[in-house]
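Single-letter residue listing:
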Amino acid sequence: MAEMDEQERKIVNEFCHLLEKSKQLFNGLRDLPQYGHKQWQAYFGRTFDIYTKLWKYQQQHRQILDAKFGLKRWQIGEIASKIGQLYYHYYLRTSETNYLNEAFSFYAAIRGRAYYTRTAKDDRNVQMSDLMVKKLRYYARFIVVCLLLKRMKLVRDLVRELSKQIDEYTATYEPEDQLEWSLVLAEIKSFIDADNTINVLDMDSNTIVLSHRLSGHNTPPVEKTPLMTLTLQEILIVGNCNDQVKFSELTIDMFRMLQTLEREPQEDITQLYDTSPAPTKMAAFNGDTTTTTTTTNTTTTTTTTTSNPATTNLPSGGPGSGGGTGGGGGGIGGPRTLKRDNPHKYLLYKPTFSQLMVFLASGFKELPANGAMLLYISADPAYSNAKHPQDREYRWLADHAAYDFGGVITNSKRDNTTTTTTTTTTTAASDHSNASKRALQLKDMHCFYPGDLYAFTRKPLFIVVDSENSAVFGNMPHFFGQPLVILMSPQDTPTQFQDQHHRGNLFTLFLHSPLMGLCLVSSLCDIPMALWEKCQTLVDRFSAEASRLVARGRSVDPSFLQFFGDDFLRLLILRYIFCSTVLRAHRVFKGRQFYPRTHPALPEAEILDHPALYSLVLDLAAALDVSHLYYDSHDLQ
């Protein structure tokens, strides 16, 4: 330190105290339980409080800290990066998408102010390779947030920048982790490629990025009945498909499903968040003028803001500081009076059996009155060596269906110490590709069986299983008389579509975007925006008609009607019906093993084979000029 007077020494000491305290609280976040709602909220509040003080303090005393402490730009960037991480992890714990916007604003400001550009020159007393790793990790985190917000143009820019940074890092330091970073980069590129299954093009043949979250434009209508009393409150999204692309502990199926089960972030919601910078009003971190670019699906807005460094601050108390309850928490700077926008969800990548059961039990415990829980599983099959009928209908006795016919593998490890977070899965993938195809000689430790869910049917439970062995979940008994619906993917896929499996499962794609699913099975890659919008109108008509048929159906099981009042569950049911109708009409998908199933079964005559729905599918095929791929109405089997 340079020579300091008493006041300057106090300022530097206080800054060092806040910096150390913030690091301690931030590091303590990893020790918090990942399940439950209330155990972690107070700790998050304290962490946000200390970062609020730290951020304000370094702004107010920047000149002295620069001159006497030697504060570096990369250190300011590190503080901002941790604030971005706080918001991102708060999003993960609450499922409220507006916190993604908060994380984005901090990450984007770091890039805009170039805090990490001179890490190799800024500080001779810090290991330069460590600073480079901090920069690489920042890029990886920023890319995840941008992917979730569908800011794909920025994602591609960040990937190019990350690639250059990795090349510089490996050439300069020849580090031991260079292979890991090469794998990270390859994962990102594969993930982006897989997400571009169907390209919607504007008049200049540029790809238009579309969001598939729930909004007022795609919420299907419903004729409310007294039975429709349940609301979706708890969600578990489980992923373990080893040959499927993934990035940052998200498989492409998990990535699609988590967006399907979220509402579109509202820009004006930022008014609830005190003065924390938002994407449309991002403030410069060092008090000068900055330019902020906000990209939506079809428009780009540029805003120039001049900020006073003393007024750019984190919200007092952070998310949840108003004493809010549940995963939504209170608002920033005070209690939120609005109801939560999204159900609370857990993302579980390769969970062990014990971990999955803990999270299921936690969701079950937190479920309020008239609340429903959704379990979505996208996983590799685990077959049994038990003998069963070969008619592919799986008409087994219920007392044998619990454990005798296999299930799905949620984790590939063979020991009891496996964690859900695995950076490199190449070895596990090769091991599991052999293990999952053989009959189970012993019950697999991490095979998840239908019987494992019986205890949780004491409360309303909605299950979606996307696996080649999904049908084993089709005979779950109603022991407790509570609503229970299971959507099961087809058991097989026609040969010509099997090479698409690494880019995501077809069933999940239909649940995520029905029109994309139709385009994929129709072998369409590019579609003009005008045609997309025309076809989307037909899909909306299909959903409206299917909703009417379900609500009025005399043979529809009451479980469907009890779930049907919730926007998200209704959306899944209607998209299941669309998927089933399309595949039944498709000439290549010939056979029951290629169709999805439900338990309880939806009536075929009243809904799945209804002429009005079939006619709309044929209208879609005609609009896309692929009618030859589908049966005419007179030769439908």
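Here, every reference points to the structure presented above.
Structure report, in brief.

Definitions and cut-offs
- Residues numbered from 1 in each chain as written.
- Predicted model: local features only at pLDDT ≥ 70, side-chain atom pairs only at ≥ 80, totals over all residues.
- Heavy atoms only, no water.
- Helix = DSSP H or I, 4+ residues; strand = E, 2+ residues; numbered from the N terminus.
- Buried < 20%, exposed > 50% of the residue type's maximum accessible area, 1.4 Å probe, protein only.
- Contact = heavy atoms within 4.5 Å.
- Areas by Shrake-Rupley, 256 points an atom, 1.4 Å probe, with all protein chains shown as cover.
- Axes fitted to C-alpha atoms, helices over the stretch in contact; angles between N-to-C directions.
- Parallel < 35°, antiparallel > 145°, perpendicular 65-115°, else oblique.
- Nonpolar A, V, L, I, M, F, W, Y, C, P; charged D, E, K, R; others polar.
- Core = buried A, V, L, I, M, F, W, Y, C linked by side-chain atoms within 4.5 Å.
- Expected span 1.5 Å × (residues − 1).
- Polar contact = N/O pair within 3.5 Å; in protein donor to acceptor, adjacent residues only side chain to side chain.
- Salt bridge = Lys/Arg side-chain N within 4 Å of Asp/Glu carboxyl O.

**A short note on the overall build of the protein**
On a plain count of helices and strands, the protein comes out with 20 helices and 14 strands. Out of the 637 residues belonging to the protein, those deemed buried represent 58%. Of the contacts made within the protein by residues no fewer than 6 positions apart, 76% connect residues no fewer than 24 positions apart. Surface exposure of the protein reaches about 26600 Å², of which carbon and sulfur atoms provide 49%.

**Some words on the packing of helix α16 (residues 529-552) against helix α18 (residues 567-585)**
In the contact formed by α16 and α18, the axes pass within 10 Å of each other and the chain directions differ by 110°. Considered as vectors, α16 and α18 are oriented roughly perpendicular to each other. Facing Val 539, Phe 542, Ser 543, Ala 546, Ser 547 and Val 550 of α16, the residues of α18 in contact are Arg 570, Leu 574, Ile 577, Phe 578 and Thr 581. Among the residues making up the contact of α16 with α18, the classes are represented as seven nonpolar, three polar and one charged.

**Thoughts on the side chain of Gln 259**
Take Gln 259: it is sitting in helix α10 (residues 252-260). For Gln 259, a relative accessible area of 1% puts it in the buried group. Among residues more than four places away in sequence, those in contact with Gln 259 are Leu 148, Lys 150, His 212, Arg 213, Leu 214 and His 512.

**Structural notes on the environment of Arg 552**
Relative to the assigned elements, Arg 552 resides in helix α16. Linking Arg 552 and Thr 225, residues 327 residues apart in sequence, is a C-alpha distance of 9.5 Å.

**What about the nonpolar core?**
Judged by nonpolar contacts, the single largest core of 158 residues is most densely connected at Phe 462, Leu 572 and Ile 577. If you tally residues by element for this core, the top one is helix α7 (residues 128-148), at 14 residues. Setting aside chain neighbours within four positions, we find Ile 577 in contact with Phe 542, Ala 546, Val 550, Leu 602, Ile 607, Leu 608 and Leu 613. If you look at the next biggest cluster of nonpolar residues, it comprises 29 residues, including Tyr 346, Leu 360, Leu 367 and Val 472.

**So, helix α1 (residues 6-28)**
For an α-helix, the turn length of 3.6 residues means that residues three or four places apart are oriented alike. The end-to-end C-alpha separation of α1 is 33 Å, in line with the 33 Å expected for 23 residues at 1.5 Å each. Considered for burial, the residues of α1 that qualify are Glu 8, Ile 11, Val 12, Phe 15, Leu 18, Leu 19, Ser 22, Leu 25, Phe 26 and Gly 28. Among the residues of α1, the N-terminal cap falls to Asp 5, whose side-chain oxygen and the backbone nitrogen of Gln 7 are separated by 3.2 Å.

**Quick word on the pattern of salt bridges**
Tallying each qualifying case throughout the model produces 19 salt bridges. Note that Asp 157 and Lys 153 form a salt bridge whose closest N and O atoms lie 3.8 Å from each other. Separated by four residues within a single helix, Asp 157 and Lys 153 lie in helix α8 (residues 152-173), roughly one turn from each other. Ionic pairing is found between Arg 584 and Asp 609, a salt bridge with its closest N-O pair at 3.3 Å. With a gap of 25 residues between them, Arg 584 in helix α18 and Asp 609 in the loop between α19 (604-608) and α20 (611-623) connect regions that are remote in the sequence. Since its relative accessible area comes to 28%, Asp 609 is described here as partly exposed. One continuous salt-bridge network, built from bridges that share partners, spans Arg 584, Arg 592, Glu 604 and Asp 609.

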